[in-house]
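Below are the chains, spelled out letter by letter.
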Amino acid sequence: MQPVGPYRFTHMLGTCPAGKAWAAIDGQGRLVTIAVLNAAVADAPGWREAFVGTANGLAQAPGGQTFAYADFSAAEPWVAYPAEAGPGAERLFRALGQDYQPVPTEGVPAAPVSGIPQQVSGVPQQVSGIPQQVSGVPQQVSGIPQQVSGVPQQVSGVPQLTSGPPPAPWALHAGPPVAPNPNPAPTQPATDEPQPPAVGPVDAPPPHDPFAAPVRRIQPSAPPKRRTGLWVKVAALALAVAVGSGAAVWALAPDEPTDPDIPPTVGATAFPTAAAVDPPLKPWAQAATYSPEERALAVAAPALVFVETVFTGYVRDASTNAPIRATPITFTRRCSAFVVTPDGHALTSSACVKPTQETARQIALDTVARMLVREQTLVPAQVQEYIRTNMGKTKFTGIDPGTEPGTEIHGQLNTAKGNLTTEPAIPAQVVRALPPDTGNSALIKLGRGSLPVAELNPSATLTDGSSLLIVGFATTDDDFRTATYGPKSKLVGITGTGRRGSASISRINQDLGTTSHGGIALDASGRVAGMIDQDQARPDRANRVIVPSSSLNALIGEAGTANKLGDSDKLYRKALDAYFAGQHSAAITQFDAVAQASPGNLLAKAYRQNAVERQQNESEPSDQSVWLMALLAGAGGALFVGLIVLVVMLVRRRRDV
């Protein structure tokens, strides 16, 4: 089998019991001699290793011969030597101790070696052993390996010379094929001593170098004519395409958008060394990026407030005013709220900050009952019965009979901790509260200004089947005393409408948890369509009712104030408009100003951070970018023309060949 490689065989040079030598030519017209080890010999133990070791040994020896290419793993291993280095294939077989017989020149019949290729009885021996590869380089003792006692032993004959070169569809054969010897030599019996291989006539001609002939057997093709004119035309065409493409891109490039109010630069650096902002509510993670839902959350979420109210009083006997417990009773209510004026007014649920006397008494009795359970006076199963029995016989008052229980209200922005009464908690007080039958909403006043404000939409319509985005505080902690709360959002649907006294309400199909009442229901623009509240008709009193903004707006007016945005709120919305329009430089500058005027607005800082990152990734249009686009377009056009010309030239070259 002819070796698979980048060569075309032209004719056989010689043969020996272990293989054959061929003349060949590579793809560049260079002449080589190739030594091919017979497959049967290569399969014999030790022969492939000897072939590889000897070839490497000759290549590494001082003044040795280096092969051009080889495939030692093929079924018939082979090695190719440059023709100008002499008969390399012949030298390799002779170094293996083979009786190499060159093929006679034209007109002289070849003397084939008879017999069928058989496995040898041993590995060819050399003075220093078979060349071994150590650390990738074969080691030699004294130059080219020397034969000890002749050629390798044969079992029942020597490899037979085939009648021609190995069959291969891409082989070129020069000269007549070598016919097999009609009188093959008898096979030799296997002995313990190495036997010389059976050869043809004793008076075989001396070794012959086929490449030493005065006439070249393979004539190189004439060099192609230089096409100077063609290359000049190609260069001119590529230049024209490059200029035309660049001009087209320059003409079609849109003008850079300008902001007449604030220049699109990143000049402001309000907090260049600040750590990365991590707001508890990330609108871009709660909704699809750049979607109306993300923008609505970004607009309103900064105004959300966590509210905690602590009630302190005494549960007294209604007829005697005597406390049923000597120590005061304290319980806590937690809910959500949202700021509606720049000076700190916020809307929330009345049930959270100013519950009715009946609600407060029920919660106080529940607190007493659980104290009795801890004292082992009651069992847990008796708690509800204890409350029901004492509801009509007690009242919940302040320190003195007839006074209101003490209340202490605190609000927190962003992330909140329960039972926190110091910074960053903000003290608050009730301004006005409506009972459940007229809205169950309350207006409180936080003791701090410059807070983010939410904008009401009094004309919002809440219809069955429509969707709302609700936002409120929630927690996943189990321990009420040390729980941490953060803003959460959810898209819900309106399932129906109802009445609460004279006020209308809407019911929704999901809620955010027990502390979400007082939270916000948003329309698509980020304005407040209503407030989340408890559904008093449900046994679990889940927060699945929306009080419309029209009722909330009336409560604010009754308190002598009005819902309005501050300057920082207007700038914040303008910054969001720039951000969602992709005008990152303007957005960065505006978010900087908002963060300075309203430090509690973490989303302003977070969106500034997002704008910086996206500006770096996307970059806004500039003169440099247009020039770069033109340059790239021109280079691309020139490259395209060059590729077309290259393909045409390759096709012509193949046709010429």
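Residues numbered from 1 in each chain as written. Predicted model: local features only at pLDDT ≥ 70, side-chain atom pairs only at ≥ 80, totals over all residues. Heavy atoms only, no water.

Some thoughts on the confidence of the model for the protein chain
Now for step 1: Residues of the protein chain with pLDDT of at least 70 account for 68%, and the chain-wide mean is 77.
Now for step 2: Low pLDDT, under 50, characterises residues 107-123; the stretch is placed with 53 contacts to residues that sit more than four places away or in other chains.
Now for step 3: Overall, residues 210-219 carries pLDDT values under 50, and its contacts beyond four positions in sequence, including any with other chains, amount to 15 contacts. (pLDDT = per-residue confidence, 0-100. Contact = heavy atoms within 4.5 Å.)

Let's talk about the packing of aromatic side chains
Now for step 1: One pass over the full model with this rule turns up 20 aromatic pairs.
Now for step 2: With a centroid separation of 6.3 Å and an interplanar angle of 80 degrees, the aromatic rings of F51 and F72 are classed as edge-to-face. Of this pair, F51 sits in helix α2 (residues 47-60) while F72 sits in the loop between β4 (69-71) and β5 (78-82), and the two are 21 residues apart along the sequence.
Now for step 3: The interplanar angle of 50 degrees and the centroid separation of 5.8 Å between the aromatic rings of Y69 and W78 together place this pair among those described as tilted.
Now for step 4: Taking relative accessible area as the criterion, Y69 reaches 42% and is therefore assigned partly exposed.
Now for step 5: Judged by relative accessible area, W78 falls into the buried class, the value being 1%.
Now for step 6: An aromatic cluster of at least three residues, connected via ring pairs, comprises W284, Y290, Y572, Y579, F580, F591 and Y607.
Now for step 7: Its end group placed over the ring of F480, R334 keeps NZ or CZ at 3.8 Å from the ring centre. (Phe/Tyr/Trp six-rings, centres within 6.5 Å; stacked < 30°, edge-to-face > 60°. Helix = DSSP H or I, 4+ residues; strand = E, 2+ residues; numbered from the N terminus. Buried < 20%, exposed > 50% of the residue type's maximum accessible area, 1.4 Å probe, protein only. Lys NZ or Arg CZ within 6 Å of the ring centre and 35° of its normal.)

Quick look at helix α9 (residues 383-390)
Now for step 1: Along α9, the residues that are buried comprise V383, Y386, I387 and N390. When α9 is viewed along its axis, its buried side chains cluster within an angular range of 95 degrees and face the same direction. Facing away from the buried side of α9 by over 90 degrees, the exposed positions are Q384 and R388.
Now for step 2: Elements in contact with the buried residues of α9: α8 (357-374) and β12 (394-397). (Arc of directions from axis to C-beta.)

Regarding helix α3 (residues 88-95)
Now for step 1: Where burial is concerned, most of α3 is hidden: six out of the eight residues are buried.
Now for step 2: Listed in full, the buried residues belonging to α3 are G88, A89, E90, L92, F93 and A95.
Now for step 3: Here the buried face of α3 lies against β1 (7-16), β2 (19-26), β3 (31-37), α2 and β5.
Now for step 4: Just downstream of α3 lies G97, where phi reads positive at about 85 degrees.

Examining the pairing of strand β22 (residues 545-548)
Now for step 1: Burial along β22 is two-sided: the face carrying V545 and V547 and the face carrying I546 and P548 are both buried.
Now for step 2: Taken together, the two bridges between strand β19 (residues 503-508) and β22 define a ladder with antiparallel strand orientation. Counterpart to S506 in the pairing with β22 is I546. (Pairing = 2+ DSSP bridges.)

Quick word on the pairing of β19
Now for step 1: Two strands pair when backbone bridges link them, and strand β18 (residues 484-500) and β19 are joined in this way by six bridges, in the antiparallel orientation. Considered in β19, the bridge of T497 is made with S506.
Now for step 2: The antiparallel hairpin formed by β18 and β19 contains two residues in its connecting segment, where G501 sits at a positive phi of about 65 degrees.

Things to note about the sheet that holds β1
Now for step 1: With respect to topology, six strands assemble into an open sheet ordered β4-β5-β3-β2-β1-β6, the strand pairing being antiparallel. Looking at which strands have only one partner, the edges of the open sheet turn out to be β4 and β6 (101-102).
Now for step 2: The strands touched by α3 are β1, β2, β3 and β5; relative to β3, the strand with the most contacts, the crossing angle is about 30 degrees. (Axes fitted to C-alpha atoms, helices over the stretch in contact; angles between N-to-C directions.)

Observations regarding the pattern of salt bridges
Now for step 1: Under the defined criterion, the tally for this structure stands at 17 salt bridges.
Now for step 2: D26 is the salt-bridge partner of R30, the closest N and O atoms lying 2.8 Å from each other. (Salt bridge = Lys/Arg side-chain N within 4 Å of Asp/Glu carboxyl O.)

Observations concerning the nonpolar core
Now for step 1: Formed by 46 residues in total, the largest nonpolar core has its most connected members in F338, L347, Y572, L576, F591 and Y607.
Now for step 2: Per-element tally for this core: the top contributor is helix α11 (residues 567-580), with six residues.
Now for step 3: Residue contacts for L576: discarding those within four places in its chain leaves A298, V299, F591 and Y607.
Now for step 4: Membership of the second largest hydrophobic core comes to 23 residues, among which are A21, A50, Y81 and Y100. (Core = buried A, V, L, I, M, F, W, Y, C linked by side-chain atoms within 4.5 Å.)

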